[in-house]
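# Report on the structure
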Amino acid sequence: MTTAYTELSTDALGVLTLTATEAGLTGVYLESHRHAPADRSAWVRDPARLEAAAAQLAEYLAGRRRAFDLPLAPPGGTAFQRRVWAALEAIAYGTTTTYGALAATLGVPRAVRAVGAANGRNPLSIVRPCHRVVGADGGLTGYGGGLEAKRALLALEARP
């Protein structure tokens, strides 16, 4: 499958890189994303294929969208990572949960660090809201796109 990509310029987060295959959206990467794919040589620029994703992300960042309605096809990931990524979708807009609570929800309360590591490898940031997971004390900890981006996303969702 060919990976299509486009870039979306945003005021709050800089340039987002969106990727997709025929199966659906495969990635939403911030400029400073820690775990973005390094090899992009086979990607093909195709803004038309990513038009719906770009539009929905722009609406979200403008405060006009709270949920995404897109076919998702994240690449790879272990079975555990995929479970964590799926659980992220249950975290409601404007709310947060902790890594410990997420681990407990998955039935593995001692796997807090593993949940954190899986969360950090989420290829669909924003769409699968890994930014809504915070430390046990409510503090901002780790985010693949950087803490400033996490802070900006949480502030966006805190607006009435």
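Residues numbered from 1 in each chain as written. Predicted model: local features only at pLDDT ≥ 70, side-chain atom pairs only at ≥ 80, totals over all residues. Heavy atoms only, no water.

A few words on the sheet that holds strand 4 (residues 44-45). If you walk across this open sheet you meet the four strands as 3-2-1-4, and the pairing is mixed. In this open sheet, the two edge strands, each paired with only one partner strand, are strand 3 (24-29) and strand 4. The sheet contact formed by strand 1 (residues 4-10) and strand 2 (residues 14-21) spans seven bridges and is antiparallel. Bridge pairing links Ala-4 to Ala-20 in strand 2. (Pairing = 2+ DSSP bridges. Helix = DSSP H or I, 4+ residues; strand = E, 2+ residues; numbered from the N terminus.)

Phi angles above zero are rare outside glycine, and Ile-126 is one such case at about 75°. Mapped onto the elements of the fold, Ile-126 is located in the loop between helix 4 (112-120) and strand 6 (133-134). Residue Ile-126 is classed as buried on the basis of its relative accessible area, which comes to 1%. (Buried < 20%, exposed > 50% of the residue type's maximum accessible area, 1.4 Å probe, protein only.)

With respect to the secondary-structure elements, Thr-96 resides in the loop between helix 2 (79-88) and strand 5 (97-98). Apart from residues no more than four positions distant in its own chain, Thr-96 is found in contact with Arg-132, Val-134 and Leu-154. (Contact = heavy atoms within 4.5 Å.)

In this section: the pattern of salt bridges. Taken as a whole and assessed by the stated rule, the structure comprises seven salt bridges. Arg-128 serves as the salt-bridge partner of Glu-89, at 2.4 Å between the closest nitrogen and oxygen. With Glu-89 in the loop between helix 2 and strand 5 and Arg-128 in the loop between helix 4 and strand 6, the pair connects residues that are 39 residues apart, well separated along the chain. Overall, the relative accessible area of 12% leaves Arg-128 in the buried class. One salt bridge connects Glu-148 with Arg-151, and the closest N-O pair in it is separated by 2.6 Å. One end of the pair is Glu-148 and the other is Arg-151, both in helix 5 (residues 147-158) and three residues apart, which spans about a single turn. Under the relative-accessibility criterion, Arg-151 is labelled partly exposed at 40%. Each of Glu-22, Asp-46 and Arg-49 takes part in salt bridges that share partners, so that together they form one network. (Salt bridge = Lys/Arg side-chain N within 4 Å of Asp/Glu carboxyl O.)

Right, let's talk about helix 5 for a bit. With 12 residues, helix 5 ought to run about 16 Å at 1.5 Å a step, and its terminal C-alpha atoms sit 16 Å apart, in line with that. Along helix 5, the residues classified as buried are Ala-149, Lys-150, Leu-153, Leu-154, Leu-156 and Glu-157. Across the axial projection of helix 5, the buried residues extend over an arc of 155°, all falling on one side. In this structure, helix 5 carries Glu-148 and Ala-158 as exposed residues pointing more than 90 degrees from its buried face. (Expected span 1.5 Å × (residues − 1). Arc of directions from axis to C-beta.)

Parts of the prediction with low pLDDT should not have their coordinates interpreted in detail. Residues of the protein with pLDDT of at least 70 account for 100%, and the chain-wide mean is 93. Between the elements of the protein, mean pLDDT differs from a low of 92, seen in helix 5, to a high of 98, seen in helix 1 (residues 51-61). (pLDDT = per-residue confidence, 0-100.)

Attention shifts here to the packing of aromatic side chains. On inspection of all chains with the given rule, the structure shows three aromatic pairs. When the centroid spacing of 5.8 Å and the interplanar angle of 45° are considered together, the rings of Tyr-5 and Trp-43 count as tilted. Of this pair, Tyr-5 sits in strand 1 while Trp-43 sits in the loop between strand 3 and strand 4, and the two are 38 residues apart along the sequence. On the basis of an interplanar angle of 45° and a centroid distance of 5.5 Å, the ring pair of Tyr-60 and Phe-68 is categorised as tilted. Neither Tyr-60 nor Phe-68 differs from the other in exposure class; each is buried. Among the aromatic residues, ring-to-ring pairing joins Tyr-60, Phe-68 and Tyr-93 into one connected group. (Phe/Tyr/Trp six-rings, centres within 6.5 Å; stacked < 30°, edge-to-face > 60°.)

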